[in-house]
Amino acid sequence: MIKDRLDDIKARVRASAKSVGRTPDEIRLIAVSKRQPFERLEEAYRLGLRDFGENTAQGLAQRVRDCDAAGLRGIRWHFVGQLQSNKVRLVAPNSYLIHSLDRLSLAEALSRRSEEHPTNVLLQINIGKEAQKGGVPIDQIFDLAQQIRKLPGIRVRGLMGMPPFVVDSAPYYRRLGTLFGQLSQEMQPEVFTELSMGMSGDFETAIRYGATHVRVGTAIFGERPARSEQ
């Protein structure tokens with residue numbers, strides 16, 4: 001079942017990329033495995049996926065332990081949830097990319113933890129101006145980006161954003177793509193190259209507006225169990 005879903009998603013990624021003159025290799029598919037049974041993650045790994053996402057510090061740490069114990073090597077872990085400064089010790093050493101940096105205090109905590117081994121991060125934008133979501137307000141992102149880029153141990157690789165769930169996502173992804181292009185002129189263009197947007201229900205739209213990372217969970221794994229250890 002996962003194989004069928006994965007084949008379908010890969011085909012849709014290819015079609016979406018080609019429809020706007022992009023190559024499918026530009027898009028990294030992240031399998032968001034949060035609260036999914038381990039055997040589903042293992043099956044996706046056996047089918048060739050190597051990028052997986054978790055949204056809690058404890059969940060990520062447990063996944064890393066489980067995968068190490070099962071001999072699943074070479075996984076790139078993406079942290080896609082809200083990160084508290086006191087959880088940096090659990091997340092930074094295990095993450096290939098942190099998608100949710102949204103404040104200077106968190107950046108400073110990551111910097112103190114990452115001087116010897118730099119951490120790759122994306123700046124999360126609150127693109128829908130939603131009080132219940134994390135993310136930097138659009139009018140503050142340029143100042144914050146300049147402050148964070150001066151900190152040792154952090155590589156700002158790009159932006160991440162999530163539109164409101166109940167509306168057409170296209171205008172939000174268009175705005176985020178434009179903002180990414182503007183900010184890349186002020187950052188290091190050779191490093192600031194990643195745009196994480198799009199989930200199971202709208203990743204094709206996100207690809208059309210420039211997404212380089214799409215975060216897909218239930219469309220790969222199926223619905224999450226009502227009860228789970230993670």
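Before any of the text, the structure's been laid out above.
The structure contained in this document is the topic of the report that follows.

## Observations regarding a nonpolar patch on the surface
- Side chains of Phe165, Val166 and Val167 sit close together on the surface and give an oily, nonpolar patch of about 360 Å² of accessible area.
- Turning to its location among the elements, valine 167 is positioned in the loop between β6 (154-161) and α7 (170-184).
- By relative accessible area, which is 38% here, valine 167 ends up partly exposed.

## Focus on the packing of helix α2 (residues 38-46) against helix α3 (residues 57-70)
- Interhelical geometry of α2 versus α3 gives an angle of 60° and a closest axis separation of 12 Å. As judged from the angle between their axes, α2 and α3 are oblique. The handedness of the crossing between α2 and α3 comes out as right-handed. Across the interface between the two elements, Phe38, Leu41 and Arg46 of α2 pack against Arg63, Asp66, Cys67 and Ala70 of α3.
- Along the lines of polarity and charge, the residues of the contact of α2 with α3 split into 4 nonpolar, no polar and 3 charged.

## Things to note about the pattern of salt bridges
- Using the criterion set out here, one finds 12 salt bridges in the structure.
- In this structure, the salt-bridge partner of arginine 63 is glutamate 54, at a minimum N-O distance of 2.9 Å. Of the two residues, arginine 63 and glutamate 54, neither departs from the other in class, the shared state being buried.
- Between glutamate 130 and lysine 133 there is a salt bridge, with its nearest N and O atoms 3.0 Å apart.
- Ionic contacts of the salt-bridge type, sharing partners, join the residues Asp8, Arg12 and Glu204 into one network.

## Considering the packing of aromatic side chains
- A full pass over the atoms with the stated rule returns 2 aromatic pairs.
- Geometrically, the ring pair formed by phenylalanine 180 and phenylalanine 192 is stacked, given 5.3 Å between the ring centres and 20° between the ring planes. Of the two residues, phenylalanine 180 is situated in helix α7 and phenylalanine 192 in the loop between α7 and β7 (194-196); the sequence distance between them amounts to 12 residues.
- Using a relative accessible area of 15% as the deciding quantity, one classes phenylalanine 180 as buried.

## Some words on the pairing of strand β8 (residues 213-216)
- Residues His213 and Arg215 of β8 are buried on one face, and the alternating residues Val214 and Val216, pointing to the opposite face, are buried as well.
- The pairing of strand β1 (residues 28-32) with β8 spans 4 bridges and is classified as parallel. Bridging across to β8, arginine 28 finds its partner in histidine 213.

## So, the side chain of threonine 119
- With respect to the helices, strands and loops of the structure, threonine 119 is situated in strand β5 (residues 119-125).
- Classification of threonine 119 as buried rests on a relative accessible area of 4%.
- Residues in contact with threonine 119, not counting those within four places in the same chain, are Ala92, Ile98, Ser114, Gly153, Ile154 and Arg155.

## Considerations on the packing of helix α6 (residues 141-149) against α7
- Packing of α6 against α7 leaves a shortest axis separation of 11 Å and a crossing angle of 45°. Taken together, the axis directions place α6 and α7 in an arrangement best described as oblique. Relative to α7, α6 is oriented so that their crossing is right-handed. Mapping the contact onto sequence places Ile141, Phe142 and Ala145 in α6 and Leu179, Gln182 and Leu183 in α7.
- Considering only residue class, the contact of α6 with α7 consists of 5 nonpolar, 1 polar and no charged.

## So, the environment of glycine 128
- Residue placement: glycine 128 occurs in the loop between β5 and α6.
- C-alpha of glycine 128 to C-alpha of serine 169: the two residues are 41 residues apart in sequence and 9.8 Å apart in space.
- Residues contacting glycine 128, with those up to four places away along its chain left out, are Pro164 and Tyr172.

About the thresholds
- Residues numbered from 1 in each chain as written.
- Predicted model: local features only at pLDDT ≥ 70, side-chain atom pairs only at ≥ 80, totals over all residues.
- Heavy atoms only, no water.
- Patch = residues over 30% accessible without salt bridge, like charges linked within 9 Å, V, L, I, M, F, W, Y side chains within 5 Å.
- Areas by Shrake-Rupley, 256 points an atom, 1.4 Å probe, with all protein chains shown as cover.
- Salt bridge = Lys/Arg side-chain N within 4 Å of Asp/Glu carboxyl O.
- Helix = DSSP H or I, 4+ residues; strand = E, 2+ residues; numbered from the N terminus.
- Buried < 20%, exposed > 50% of the residue type's maximum accessible area, 1.4 Å probe, protein only.
- Axes fitted to C-alpha atoms, helices over the stretch in contact; angles between N-to-C directions.
- Parallel < 35°, antiparallel > 145°, perpendicular 65-115°, else oblique.
- Left-handed = near helix turned anticlockwise from the far one by under 90°.
- Contact = heavy atoms within 4.5 Å.
- Nonpolar A, V, L, I, M, F, W, Y, C, P; charged D, E, K, R; others polar.
- Phe/Tyr/Trp six-rings, centres within 6.5 Å; stacked < 30°, edge-to-face > 60°.
- Pairing = 2+ DSSP bridges.

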